[in-house]
Amino acid sequence: MADEVILLDFWPSPFGMRARIALAEKGIKYEYRDEDLENKSRFLLQVNPVHKKIPVLIDNGKPICESLIIVQYIDEVWKDKCLLMPSDPYKRAQARFWADFVDNKLYHCGRRVWFSKAEDKEEACKELIECLKLLEGELGNKPYFGGETLGFIDVALVPFNSWFCSYETCENFSIEPHCPKIVAWAKRCMEKESVSKSFPDHQMVCDLALQWKKKLGFE
Ligand SMILES: N[C@@H](CCC(=O)N[C@@H](CS)C(=O)NCC(=O)O)C(=O)O
């Protein structure tokens, strides 16, 4: 029987995008199912009963939850092509460290840029730039975080570029003067089909974020 791979996702989700990029890098055929997160499918609740969140990858009936775990799973199962994780254990630990930084620090700073009152906005933007500068230090002069090819940290971080672009469009501030290497890196990643094809439409992300802001009273 042919392999059956299903991805439960939500189109603007940076976490879902990680799984999409990893699957595209490996050239894996899969069924994409977009979830309505206001009315989650019974299948989503069944395959992710703990967090009830997307993304969930279902590999021949076996569900895998949490985007960074999904990316590592994809890398381990389909290991004959485009390895995302470094082979050296120390470098692997470092890659996991920075991916964790993206989730536990950068993501929250980014949310604060969107969802903070006008008086706190400047501080939120400053904090986001500080996070990006730390990442820029880790990137150094390499084309990708892991070296010459797209790797785990790139896949963990680049989906947030669609949200950074929307902050820039809607919040009227610019990342490039502060972090030119990160901006150049994001452009480099976007030149890869696996990345560009996994990205949602910029205008649609901006529109959605503006709707959320309005709904939550942060206009
Ligand atoms: N840590 C999770 C975060 C996933 C996440 O936050 N997913 C959001 C969509 S972007 C979700 O499903 N939200 C639905 C909910 O919170 O009920 C991961 O890396 O996969």
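Since we're looking at a predicted model, the values are computed, not measured.

1. Some points on the overall build of the protein
Check the secondary structure of the protein and you find 10 helices and four strands. For the protein, the N- to C-terminal ordering of α and β elements is β-α-β-α-β-β-α-α-α-α-α-α-α-α. In terms of C-alpha radius of gyration, the protein reaches 17 Å, essentially the compact-globule figure of 17 Å for 219 residues. The buried share of the protein, reckoned over its 219 residues, is 48%. Element-wise, carbon and sulfur atoms account for 53% of the exposed surface of the protein, whose accessible area totals about 11,700 Å². Once the 31 positive and 35 negative side-chain charges of the protein are each reduced to a mean point, those two points are 2 Å apart.

2. Considerations on the sheet that holds strand E4 (residues 62–65)
Taken in spatial order, the four strands make up an open sheet running E2-E1-E3-E4, and their pairing is mixed. Because the sheet does not close on itself, it has two edges, and the strands there are strand E2 (31–34) and E4. On average, each strand axis in the sheet is inclined to that of its neighbour by 20°, with strand direction left out of account. The sheet contact formed by strand E1 (residues 5–9) and E2 spans four bridges and is parallel.

3. Section: helix H3 (residues 67–77)
Most of H3 is tucked away: eight of the 11 residues are buried. Within the span of H3, buried status applies to Ser 67, Leu 68, Ile 70, Val 71, Gln 72, Tyr 73, Ile 74 and Asp 75. Buried residues along H3 sit against helix H1 (14–26), strand E3 (56–59), E4, helix H4 (89–114) and helix H6 (152–157).

4. Here we look at the side chain of Ser 116
Inspection of the secondary structure puts Ser 116 in the loop between H4 and helix H5 (118–139). One polar contact links the side chain of Ser 116 to the main-chain carbonyl oxygen of Arg 112, over a distance of 2.7 Å. In contact with Ser 116, not counting residues within four places along its chain, are Lys 121, Ala 124 and Phe 218.

5. Remarks on the site of the ligand
By nearness alone, every residue bordering the ligand is listed as Ser 13, Phe 15, Leu 37, Lys 40, Lys 53, Ile 54, Pro 55, Glu 66 and Ser 67. One of the side-chain nitrogen or oxygen atoms of Lys 40 is found 2.5 Å away from an oxygen atom of the ligand. A distance of 2.8 Å separates a nitrogen atom of the ligand from a polar side-chain atom of Glu 66. Contact with the protein chains covers 74% of the free accessible surface of the ligand, which is 510 Å².

6. Observations regarding the environment of Val 47
One can find Val 47 in helix H2 (residues 42–47). In contact with Val 47, other than residues within four places in its own chain, are Leu 8, Val 56, Ile 58, Pro 63 and Cys 65.

7. Notes on the packing of aromatic side chains
Following the criterion strictly, the structure yields eight aromatic pairs and no others. Look at Phe 15 and Tyr 107: their rings are 5.2 Å apart centre to centre, the planes differ by 75°, and that puts the pair in the edge-to-face class. One end of the pair, Phe 15, is in helix H1; the other, Tyr 107, is in helix H4, with 92 residues separating them in the sequence. You can call Tyr 107 partly exposed: its relative accessible area is 23%. A connected cluster of aromatic rings, assembled from ring pairs, spans Phe 15, Tyr 107 and Phe 160.

8. A few points about the pairing of E1
Judged by how many residues are buried, E1 sits mostly within the fold: five of five residues are covered. Neither face of E1 is exposed, since Val 5, Leu 7 and Asp 9 on one face and Ile 6 and Leu 8 on the opposite face are all buried. In this structure, E1 lies alongside E3, joined through four bridges in antiparallel fashion. Looking across to E3, one finds that Ile 6 is bridged to Ile 58. After leaving E1, the chain enters H1 and then returns to the sheet as E2, a path that is right-handed.

9. With respect to the UniProt feature "domain: GST N-terminal" (unreviewed entry) in the protein
As recorded in UniProt, the feature "domain: GST N-terminal" (unreviewed entry) lies at residues 3–82. Structurally, residues 3–82 is divided into 38% helix and 21% strand, and its ends, taken at the C-alpha atoms, are 20 Å apart.

Criteria and cut-off values
- Residues numbered from 1 in each chain as written.
- Predicted model: local features only at pLDDT ≥ 70, side-chain atom pairs only at ≥ 80, totals over all residues.
- Heavy atoms only, no water.
- Helix = DSSP H or I, 4+ residues; strand = E, 2+ residues; numbered from the N terminus.
- Rg over C-alpha atoms; globule rule 2.2 N^0.38 Å.
- Buried < 20%, exposed > 50% of the residue type's maximum accessible area, 1.4 Å probe, protein only.
- Areas by Shrake-Rupley, 256 points an atom, 1.4 Å probe, with all protein chains shown as cover.
- Lys, Arg positive; Asp, Glu negative; His and termini not counted.
- Charge placed at Lys NZ, Arg CZ, Asp CG, Glu CD.
- Pairing = 2+ DSSP bridges.
- Axes fitted to C-alpha atoms, helices over the stretch in contact; angles between N-to-C directions.
- Contact = heavy atoms within 4.5 Å.
- Polar contact = N/O pair within 3.5 Å; in protein donor to acceptor, adjacent residues only side chain to side chain.
- Near = heavy atom within 4 Å.
- Phe/Tyr/Trp six-rings, centres within 6.5 Å; stacked < 30°, edge-to-face > 60°.
- Right-handed = clockwise from strand over helix to strand, strands pointing away.
- UniProt positions renumbered as here; feature names shortened; annotations may be inferred.

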